[in-house]
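# A closer look at the structure
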Amino acid sequence: MLEKRLAGQRGMANFGWLNSKHSFSFGSYYDPQQNGFSDLLVINDDTVAPSGGFDPHPHQDMEIFSYVLDGALEHKDSMGTGSVIRVGDVQGMSAGTGVKHSEFNHSSSAGVHFLQIWIVPEQKRVQPRYQQRHFTNEEKRGKLRLIISPDAADGSLAVWQDVRVYAGLFDGTETASLTLPPNRHAYVHVARGAVTVNGERLQEGDGARLRHVDQITITDGDAADVLVFDLRPHELPRM
């Protein structure tokens, strides 16, 4: 079964320096029917104005990933890590026992556009850690490239949860299929463009919940940048 989450149904927050679209309940936006999916808690589609950003703030017991679509994001944290995350980069931070971080637009003239993703960890109170890796367009072109996994397989970033995340770029006749283990859930998010997933058309910003699926097939891409989450058959409690 495929259940669409249309882009226009997302929560919205605009603070001038930040324009954020929430696929799931976040901040002042709350929808009891959109309290994450399996262990996927947050997908925020954020655009930050030049020189704008998030001042240092704390996190604990959360797996936080950033996927940059345009521009450059500057990261600093209480672990002593400082980096600039650019297009094609995936950044991961395990908050564990507690960490503070800030995220700012690295540019004073152009915006930065990125997805921030939160995954609920299986193990709590772990030692905080930082990861960052660049995935080239060639690695994702016409295929689903593993970018996040529990065991850091194939050069992916590690996550403290039974979750695997794939990224792909699709245009024209490019197609890819992902076979999932038995009795899994999946979530598909279209970061850019448009694509057909298991026969259903999804546009930029759309998402789709898929329950108990064996395979995900992506076809008919139109300049599409897609994330696919392979998830446990588990529903987060609705609050």
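Below or above, wherever it landed, is the structure these notes cover. (Residues numbered from 1 in each chain as written. Predicted model: local features only at pLDDT ≥ 70, side-chain atom pairs only at ≥ 80, totals over all residues. Heavy atoms only, no water.)

## Some words on the overall build of the chain
Each helix and strand counted, the chain has one helix and 18 strands in total. The long-range share in the chain, meaning contacts at least 24 apart out of those at least 6 apart in sequence, stands at 71%. Surface exposure of the chain reaches about 10,000 Å², of which carbon and sulfur atoms provide 50%. (Helix = DSSP H or I, 4+ residues; strand = E, 2+ residues; numbered from the N terminus. Contact = heavy atoms within 4.5 Å. Areas by Shrake-Rupley, 256 points an atom, 1.4 Å probe, with all protein chains shown as cover.)

## Describing unusual backbone geometry
With the exception of glycine, the majority of residues adopt a negative phi angle, and the majority of peptide bonds are in the trans configuration. A positive phi is found at Asn183, a non-glycine position, where the angle reads about 60 degrees. When you line up the elements, Asn183 lands in strand S16 (residues 176–197).

## Topic: the pairing of S16
In terms of burial, S16 is largely enclosed, as 16 of its 22 residues are buried. For S16 and strand S18 (residues 207–231), the ladder comprises 19 bridges, and the chain directions are antiparallel. Note that in S18 the partner of Ala176 across the bridge is Ile218. Judged from the four bridges that link them, S16 and strand S17 (residues 200–203) form a sheet pairing that is antiparallel. Across the sheet, Val195 pairs through a bridge with Leu202, a residue of S17. (Buried < 20%, exposed > 50% of the residue type's maximum accessible area, 1.4 Å probe, protein only. Pairing = 2+ DSSP bridges.)

## Some points on the side chain of His185
Of note, His185 is situated in strand S16. We classify His185 as buried; its relative accessible area is 3%. Among the polar contacts listed, one links the side chain of His185 to the backbone nitrogen of His212, at a separation of 3.4 Å. (Polar contact = N/O pair within 3.5 Å; in protein donor to acceptor, adjacent residues only side chain to side chain.)

## Describing the pairing of S18
The pairing of strand S1 (residues 2–5) with S18 spans four bridges and is antiparallel. From the neighbouring strand, Lys4 faces S18, where its bridge partner is Ala208. When strand S15 (residues 164–172) meets S18, the two strands line up antiparallel, connected through eight bridges. Paired with Phe170 across the strands is Ala224, a residue of S18.

## Some remarks on the pattern of salt bridges
Scanning all chains against the criterion turns up 15 salt bridges. Residue Arg10 pairs with Asp45 through a salt bridge whose shortest N-O separation is 3.5 Å. Here the residue Arg10 occupies a position in the loop between S1 and strand S2 (11–14), and Asp45 occupies one in strand S4 (residues 40–48), the gap between them amounting to 35 residues. You'll find Arg10 and Asp45 in the same group, each marked buried. (Salt bridge = Lys/Arg side-chain N within 4 Å of Asp/Glu carboxyl O.)

## Some points on the nonpolar core
The biggest cluster of nonpolar side chains holds 24 residues, and the ones touching the most others in it are Leu40, Tyr67, Ile147, Tyr187, Leu227 and Phe229. If you list the elements that add at least two residues to this core, you get S4, strand S6 (63–70), strand S11 (112–119), strand S13 (145–149), S15, S16 and S18. Setting aside residues no more than four positions away along its own chain, Leu227 makes contact with Tyr67, Leu115, Ile117, Ile147, Tyr166, Ala167, Tyr187, Val188 and His189. Counting 21 residues, the second largest nonpolar core, distinct from the first, contains Leu180, Val188, Val190 and Leu210. (Core = buried A, V, L, I, M, F, W, Y, C linked by side-chain atoms within 4.5 Å.)

## What to know about the sheet that holds strand S9 (residues 89–94)
A sheet is described by the order of its strands in space; here seven strands give the open sequence S2-S3-S4-S11-S6-S9-S12, paired in antiparallel fashion. Every other strand in the sheet has two partners, leaving S2 and strand S12 (129–134) as the edge strands with one partner each. The average angle at which neighbouring strand axes cross in this sheet is 15 degrees, direction not considered. As defined by bridge partners, S6 adjoins S9 across five bridges and the pair is classed as antiparallel. Directly across from Ser66, in S9, lies its bridge partner Gln91. (Axes fitted to C-alpha atoms, helices over the stretch in contact; angles between N-to-C directions.)

## Concerning the environment of Asp214
With respect to the secondary-structure elements, Asp214 resides in strand S18. Look at Asp214 and you get exposed, because its relative accessible area is 55%. Along the sequence, Asp214 and Leu6 sit 208 residues apart, while their C-alpha atoms lie 23 Å from each other. The residues contacting Asp214, other than those within four sequence positions of it, are Leu178, Thr179 and Leu180.

## As for the sheet that holds strand S7 (residues 72–77)
Read from one edge of the open sheet, four strands run S5-S10-S7-S8, paired in antiparallel fashion. Looking at strand neighbours, the two that pair on one side only are strand S5 (53–59) and strand S8 (82–86), the edges of this open sheet. Within this sheet the neighbouring strands show an average axis-to-axis angle of 20 degrees, counted without direction. Bridge count between S7 and strand S10 (residues 99–105): five bridges; the pairing is antiparallel. Looking at the pairing, Leu73 lines up with Asn105 of S10.

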